[in-house]
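Secondary and tertiary structure notes
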Amino acid sequence: MSPRRVRAESDAVGRQDRPLRITVDGEPVDGIAGQTIAGVLLAADRLAWRRGPSGAPRGVFCGIGVCFDCLVTVGDERDVRACRRRARDGDVVTTQTREPAPDLPREAEPKVLPEPEPETVPSPEASPEPEAVPEPDRKTGRSPAPVDRVTSDPSGTGER
């Protein structure tokens with residue numbers, strides 16, 4: 001995504017710019033009707049508006065709504081992809097962090113407990129462990145045909 005705008009005199013379509021103003025983290029930012037929130041931020045030389053888990057700055061990465069790096073809060077709506085949402089005059093945009101929402105106390109966060117491991121008790125009639133699968137042939141890349149140990153007799157004597 002490029003922060004540059006098409007100048008009116010070189011616009012082949014003949015668009016007429018309608019200015020708009022949004023508020024981002026309490027600061028007014030000017031844009032043009034039709035721009036996405038990410039486009040308005042980029043045009044205002046704001047390249048990053050989040051921090052990743054490592055602390056690295058994040059802004060627009062893919063620009064088509066796939067990567068979720070450009071998430072913002074618009075009004076009361078969290079997790080809005082700034083590259084997909086058109087800016088509307090008067091939008092109040094708040095940048096997000098990976099912290100919980102401010103109105104959610106830490107003790108109210110859902111706790112994820114580890115799943116208990118199922119108990120396995122070996123039975124006396126437990127079947128023997130399956131035999132290892134032979135490796136594929138290096139020349140052909142094919143696995144050898146399985147041998148049925150109950151019905152085949154490699155010695156040819158008919159005994160088991």
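Everything below is about the structure shown above.
By convention here, each chain's residues receive numbers from 1 onward along its written sequence. A pLDDT threshold of at least 70 governs which residues receive local features in this predicted model, and a stricter bar of 80 or more applies before side-chain atom pairs are shown or counted, although totals over entire chains, interfaces and linings include all residues. Excluding hydrogens and water, the side-chain values take into account all heavy atoms of the structure.

Glancing now at the overall build of the protein chain. In terms of regular secondary structure, the protein chain is built from one helix and seven strands. Working definition: helices are DSSP H or I runs of at least four residues, strands are E runs of at least two. Numbering for both runs from the N terminus. Listed N to C, the secondary structure of the protein chain is β-β-α-β-β-β-β-β in terms of helices and strands. Burial status follows relative accessibility: with a 1.4 Å probe on protein chains alone, a residue under 20% of its type maximum counts as buried, one over 50% as exposed, and anything between as partly exposed. By residue count, 22% of the 160 residues in the protein chain fall in the buried class. Note on contacts: a residue pair is in contact if any heavy atoms of the two residues lie within 4.5 Å. Restricting to contacts in the protein chain with at least 6 residues of sequence separation, those with at least 24 account for 36%. Entry remark: accessible area of the protein chain is about 13,200 Å², with carbon and sulfur atoms responsible for 51%. We get accessible surface area from the Shrake-Rupley algorithm with a probe of 1.4 Å; when it comes to residues, only the shown protein chains can shield them.

The next subject is the pattern of salt bridges. Salt bridge, as used here: a side-chain nitrogen of Lys or Arg that lies within 4 Å of a carboxyl oxygen of Asp or Glu. Per the counting criterion, the structure on display carries four salt bridges. Put simply, Arg21 and Asp30 hold a salt bridge, and the shortest N to O gap is 2.7 Å. For Asp30, a relative accessible area of 43% translates into the label partly exposed. Two residues, Asp69 and Arg58, come together in a salt bridge whose shortest N-O distance is 2.8 Å. Remark: Arg58 occurs in strand β4 (residues 57-59) and Asp69 occurs in the loop between β4 and β5 (71-74); sequence separation between them is eleven residues.

Structurally, Ala87 can be placed in the loop between β6 (77-81) and β7 (92-95). Apart from the residues within four sequence positions on either side, Ala87 is in contact with Leu20, Ile22, Gln35, Thr36, Ile37 and Val40.

Right, let's talk about the side chain of Gln35 for a bit. Counting through the fold element by element, Gln35 comes out in the loop between β2 (27-32) and α1 (37-43). We classify Gln35 as buried; its relative accessible area is 15%. In this structure the side chain of Gln35 is engaged in a polar contact, spanning 2.8 Å, whose partner is the backbone nitrogen of Ile32. In protein, a polar contact means a hydrogen-donor-capable atom and an acceptor-capable atom, both N or O and within 3.5 Å, with residues adjacent in sequence counting only if both atoms are side-chain atoms; elsewhere, any N or O pair within 3.5 Å suffices.

For Asp69, a relative accessible area of 10% puts it in the buried group. One polar contact links Asp69 to Arg58, side chain to side chain, over a distance of 2.8 Å. Those residues within four positions of Asp69 in sequence are excluded, and the remaining contacts are Arg50, Arg58, Gly59 and Phe61.

Within a regular strand, the side chains alternate between the two sheet faces. One bridge is not enough; two strands pair if DSSP finds at least two bridges between them. For β5 and β6, the ladder comprises three bridges, and the chain directions are antiparallel. Looking at β6, one finds that Leu71 is bridged to Arg81.

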